[in-house]
Amino acid sequence: MNPDYQVGIVGAGFAGLAAALQLKNAGKNSFVIFERAPEIGGTWRDNIYPGCACDVASPLYSFSSAPNPTWNNLYSSQPEIFSYLKNVVNTTNLEKHIKLNTDIVEARFLKENGWWVVTDKKGNRTTVSILLLALGPLNRPNIPAFPRLEEFKGKCFHTGEWDNSYDLAGKNVAVIGTGASAIQVIPNIASLVRHLVVLQRTPPWITYRFDKKISNFSKTINRRFPIAQRFKRETIYWVNELFGLGFIGNKTVNTVMKWLALIKLKREVKDVATREKLRPGYQIGCKRILKSDDYYQTFNRSNVSLVTEPIDRFTEQGILTADGKEHGVDIAIFATGFIAADLHLYINVIGAAGRNLIEDWKVTGAEAYLGTTVAGYPNLALLLGPNTGLGHNSILHMVESQMNYLGQYIDFVEKSGNVYLDIKPEVQKAYNDKLQNELKGTVWASGCKSWYMNANGKNTTLYPKLTVTFRKQTKRFSSQVYNVVEF
Ligand code: NAP
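Definitions and cut-offs
- Residues numbered from 1 in each chain as written.
- Predicted model: local features only at pLDDT ≥ 70, side-chain atom pairs only at ≥ 80, totals over all residues.
- Heavy atoms only, no water.
- Near = heavy atom within 4 Å.
- Areas by Shrake-Rupley, 256 points an atom, 1.4 Å probe, with all protein chains shown as cover.
- Nonpolar A, V, L, I, M, F, W, Y, C, P; charged D, E, K, R; others polar.
- Domains from an automatic or database assignment.
- Helix = DSSP H or I, 4+ residues; strand = E, 2+ residues; numbered from the N terminus.
- Expected span 1.5 Å × (residues − 1).
- Salt bridge = Lys/Arg side-chain N within 4 Å of Asp/Glu carboxyl O.
- Buried < 20%, exposed > 50% of the residue type's maximum accessible area, 1.4 Å probe, protein only.
- Pairing = 2+ DSSP bridges.
- Axes fitted to C-alpha atoms, helices over the stretch in contact; angles between N-to-C directions.

Draft legend 1. View of the site of the ligand. Near the ligand, the surroundings consist of 22 residues, among which Thr178, Ser181, Arg201, Thr202 and Lys287 are the closest. Out of a free accessible area of 900 Å², the ligand has 84% covered by protein chains. Residue composition of the shell around the ligand, by class: 10 nonpolar, eight polar and four charged. The two domains that each donate at least three residues to the shell around the ligand are domain 1 (5-140 + 340-486) and domain 2 (149-205 + 248-334).

Draft legend 2. Representation of helix H11 (residues 395-416) in the model. In a regular helix each residue adds 1.5 Å, so 22 residues correspond to 32 Å; H11 covers 32 Å between its end C-alpha atoms and thus fits that length. With its phi angle positive at about 80°, Gly417 sits one or two positions after the end of H11.

Draft legend 3. Structural detail: the pattern of salt bridges. Throughout the structure, instances matching the rule amount to 20 salt bridges. The partner of Lys121 in a salt bridge is Asp103, and the shortest N-O contact between them spans 3.7 Å. With a gap of 18 residues between them, Lys121 in the loop between strand S5 (115-120) and strand S6 (125-133) and Asp103 in the loop between strand S3 (98-99) and strand S4 (104-110) connect regions that are remote in the sequence. With its nearest N and O atoms 3.2 Å apart, the salt bridge here joins Lys434 to Glu438. Pair noted here: Lys434 and Glu438 are both in helix H12 (residues 425-439), with a separation of four residues, about one helical turn. The class for Lys434 is exposed, based on a relative accessible area of 52%. Counted as one network, the salt bridges with shared partners bring together Glu35, Arg45 and Asp46.

Draft legend 4. A look at the sheet that holds strand S8 (residues 172-176). An order of S7-S16-S8-S9-S12 is seen for the five strands of this open sheet, with the pairing classed as parallel. At either margin of the open sheet sits one strand with a lone partner, and together these are strand S7 (155-158) and strand S12 (304-307). Between one strand axis and the next, the sheet turns through 15° on average, direction left out of account. Inspection of the sheet shows S8 paired to strand S9 (residues 195-199) by five bridges, in the parallel sense. Opposite Asn172, over in S9, you have His195 as the bridge partner.

Worth remembering: the numbers are spatial, not functional.
See the structure below:
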């Protein structure tokens, strides 16, 4: 008996769609994509806050097989990226593979059949030979348990759950957090609101973005000469790789990054005391480096204040900081990030021996071989799995590398008949021991506190090398590192 599909993909965000495209381009058409939401798009569907945009330039932040010659800006905004994704789905006929409103709650591997049984919330079951989880690391809003938040009479929401029906015009607003989302929201609402108070715990390192409009002439060149666009993509990629050296141990590149950021801070913030508050006190790169052309300038406005005193508690009217000052606000916006480390899978994944992946990872922290396959969970792959995250380049490059590898994996399973593949535990361990050792020499181990680390202080999020190395590691699949099990 055959399973319903050769491949099942959970999640129709960038990673799931990248996987589907690569399968399709390789002539593999027996696949299904499960998406719990009513629309595709993942993080680019969910994040609709003002100013939401990508900080990786668009010629690179797009599928390698589906370049878009008509990006309007060098760094595209959320609406444009979202419509790019919908357009790719339309033009490549991926729609017929996608099951929307299908919330997968369990995936269970059946040894005797060598396949996964995937069950959705309504109890529908689908069987697939190979299961790819593309759940996305950044979709669980982190709302800290601020004391007495429930007493606050104003409005509050998280940047990832933006409420467009709430009109910010003329309101007193607090933004809590100064990370990647905050630095995009803040400049985009500052001129609307009556007063904006920004509550900063740790200042981020911020560097130049140099966003610009793409001229019609450039768009025409891109359309007529795809090689020109390919050249831009490659150039952006290699410049990013060069700066990546500053994260993985190259002190000269790290120092250059630091001075560029400090020059920018000095040029863009007029008030010396505010500038000092915005100056980071940890090594650049340890937390994600942010890119902005307009964040710092927002603090030159008279209706914006920067508060660095810790939050003590909420009150009925606003937020009380540790210096005893109450900041009266109509709305508090949580720009407080996501629960990302250890992936926090929201589906129960039950492996060959009946073990649960979430429970396993509670012991070890999230880990996989090449961030992709996990011992005890045969024929399963995690797209953007443990330690595949980046601080310097396009994450899509990593997914596409994973899919280069998985294409060969799928071919092997298909050609071998009744077998399934389980990564050898000792191979997975050796890979992760080496990886954790390599992380010790990187900027992420320089002592700051970031969401890259799990509760035990283990970095389960980032890849410790350049993306070219990952591409090399994933270039060739070898069945030797797997237990090839007949069923
Ligand atoms: P984030 O960068 O992790 O920032 C969270 C902010 O909230 C930090 O400033 C953090 O301060 C603060 N915070 C957290 N808990 C707090 C507490 N209890 N009290 C006070 N402050 C608190 O989160 P994000 O802005 O949502 O971005 C998350 C990730 O999404 C990014 O790293 C990036 O990967 C992705 N993203 C990407 C883009 C893009 O352009 N591609 C845009 C937005 C988001 P501390 O630093 O002190 O912890």
